[in-house]
Amino acid sequence: MLQIKSLKTNYEQLEKTHIELMNHLDIAIEYEEKYRRILNNISDVILIFELKNGEPSNIIYVNNMAYVKLGYSAEALRSKTPLQLISEQKHTEFTNSLEHILKDEENNKLETIFITKNGEEIPFELHSTLYKEKGKNLVLTVARDITERKNYEVKLTEMAYYDKLTGLANRKMLEVLFKKSLKSVQRSKGQLAVFFIDLDGFKKVNDTLGHDAGDLLLKDVAARLTHTLKGDDIISRLGGDEFIIVTEGYSLEEATQIAERIIEEISKVYMIKNQEARVTPSIGISIYPQHGKDQKSLLQTADKAMYFAKRKGKNTYKIYTEEMANITIQKSGILAKMLNFFQGE
């Protein structure tokens, strides 16, 4: 009887333990489903993958946003490694970040590019954390789409370095590109031509048709200059109706041919608000190294040559000569600021 009573007691304890375990399991399942719902509703992509011998292995877990952003099914993603999703150009950066995680076991931030199923490139910021489970090194990565941020950065760059009206390089960008071109021809012992363009008759367009019409005309002039020149030539609007062009590798004869093409294009009639408008260019040309060996001197000699073109009847070009050396032109505004910027060069 004692043995039967003891067995009964043990059975009752086992049954109680079983009920408790089942309750805990129900709670665990409930929490797991809650966490899964939370992860699947997060707007970031979440990946979990194993590190084997320091190398990223197949993805173990992905949330729903991974499918939304990358276009692959969860099953397809789990058959891939993170490197198969990341742009090849970014592989080294990614593997280096994993080495850092292994050494420090700290949260690691990295900007990279994911390639979607249809081949689209999307910039992501990754936050990765290493954790261990059953002797395995697992990496939890939260990937945030930063497309909007990158687009905003591009817009900020455009605002800082490009003319808002015409889209041409502004003074800051001209300073950067001019210096780069000059270093290039100095290394190659080549030539460089600077064209200083001022529009004749632009004030008349503004006065008769209005400033909005003047802006439209400037945009058309910028488009014609872009169409006339090569893609790697530097075209800049200083402000108002003044433009600077810097070209590499042209002889003096070739530079005059470019000037003639510019005059031909810019002098053609413009249709602004259903009305005809006309402007012509006065162009001054200076050549490196004959007419200057730095940015400031080349701009000054091109400016003086443009002044002579204005005096000689406009709608023409003049190449800098020594007879122009003693002329003094009082400059104000943007060009004066540029010349001051180049003072120490």
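Scroll up a little and you will see the structure.
Report on the accompanying structure. (Residues numbered from 1 in each chain as written. Predicted model: local features only at pLDDT ≥ 70, side-chain atom pairs only at ≥ 80, totals over all residues. Heavy atoms only, no water.)

1. Notes on the packing of helix H8 (residues 211-228) against helix H9 (residues 252-266)
Counted only if it meets this: The axes used here are C-alpha line fits, helices contributing only the stretch in contact, and every angle between their N-to-C directions lies in the interval 0 to 180 degrees. In this description a helix means any DSSP run of H or I spanning at least four residues, a strand means any run of E spanning at least two, and both kinds are numbered starting from the N terminus. Working rule for handedness: look at the near helix, and if it is turned counterclockwise from the far one by less than a right angle, call the crossing left-handed; if clockwise, right-handed. Contacts: residue pairs with any heavy atoms within 4.5 Å of one another. Polar here means any residue outside two lists: the nonpolar Ala, Val, Leu, Ile, Met, Phe, Trp, Tyr, Cys and Pro, and the charged Asp, Glu, Lys and Arg; Gly therefore counts as polar.
Relative to each other, H8 and H9 sit at 145°, their axes nearing to 10 Å. Regarding H8 and H9, the two cross each other, and that crossing is right-handed. In this structure, H8 uses Val-221, Arg-224, Leu-225 and Thr-228 to contact H9, whose residues at the interface are Arg-261, Ile-262, Glu-265 and Ile-266. When the residues that make up the contact of H8 with H9 are grouped by side-chain class, the tally is four nonpolar, one polar and three charged.

2. Comments concerning the packing of helix H7 (residues 202-209) against H8
Selection rule: Roughly parallel covers angles under 35 degrees, roughly antiparallel covers those over 145, roughly perpendicular covers 65 to 115, and oblique covers all other angles.
Here H7 crosses H8 at 140°, and the two axes come no closer than 6 Å. Considering their axes alone, H7 and H8 lie oblique with respect to each other. Here H7 contributes Phe-202, Val-205, Asn-206 and Leu-209 to the contact with H8, which in turn contributes His-211, Ala-213, Gly-214, Leu-217 and Leu-218. Looking at side-chain class alone, the contact of H7 with H8 contains six nonpolar, three polar and no charged residues.

3. Some remarks on the packing of aromatic side chains
Applicable threshold: The pairing test for Phe, Tyr and Trp rings, Trp by its six-membered ring, is centres within 6.5 Å, and the orientation test on the planes gives stacked under 30 degrees, edge-to-face over 60, and tilted for anything in between. For the exposure calls, accessible area comes from a 1.4 Å probe over protein chains only, and a residue counts as buried if that area is under 20% of its type's maximum, exposed if over 50%, partly exposed in between. Ring-over charges, as used throughout, are those where CZ of Arg or NZ of Lys falls within 6 Å of the ring centre and within 35 degrees of the ring normal.
As enumerated under the stated definition, the model contains three aromatic pairs in all. Note on Phe-49 and Phe-94: the rings are 6.3 Å apart at their centroids and 45° apart in plane angle, and the pair reads as tilted. Linking Phe-49 in strand S1 (residues 45-52) with Phe-94 in helix H4 (residues 91-104), this pair joins segments that are 45 residues apart in sequence. When the ring of Tyr-307 is compared with that of Phe-308, the centres are 6.4 Å apart and the planes differ by 75°; the resulting orientation is edge-to-face. Note on Tyr-307: relative accessible area 32%, which makes it partly exposed. Sitting over the face of the ring of Phe-308, Arg-311 holds its NZ or CZ atom 4.7 Å from the ring centroid.

4. Quick look at the sheet that holds strand S2 (residues 55-62)
The line we're drawing: When DSSP finds two or more bridges between a pair of strands, those strands are recorded as paired.
Read across the open sheet, the five strands follow the order S2-S1-S5-S4-S3; overall the sheet is antiparallel. Looking along the sheet, the strands with just one partner apiece sit at the ends: S2 and strand S3 (108-115). Put simply, the sheet's adjacent strands are angled 35° from each other on average, direction ignored. The sheet contact formed by S1 and strand S5 (residues 136-145) spans seven bridges and is antiparallel. Looking across to S5, one finds that Leu-47 is bridged to Thr-141. The strands touched by H4 are S1, S2, S3, strand S4 (121-133) and S5; relative to S3, the strand with the most contacts, the crossing angle is about 150°. Contacting S3, S4 and S5, helix H5 (residues 147-161) runs over the sheet at an angle of about 135° to S4.

5. Digging into unusual backbone geometry
Between Tyr-288 and Pro-289 the backbone carries a cis peptide bond, its omega angle lying at 5°. As for its placement among the helices and strands, Pro-289 is situated in the loop between strand S11 (280-288) and helix H10 (295-311). With phi around 55°, Lys-189 is a residue other than glycine that occupies positive phi space. The residue Lys-189 is located in the loop between helix H6 (171-188) and strand S6 (192-200) in this model. Positioned with a positive phi, Lys-314 is a non-glycine residue whose angle comes to about 65°. Of note, Lys-314 is situated in the loop between H10 and strand S12 (317-319).

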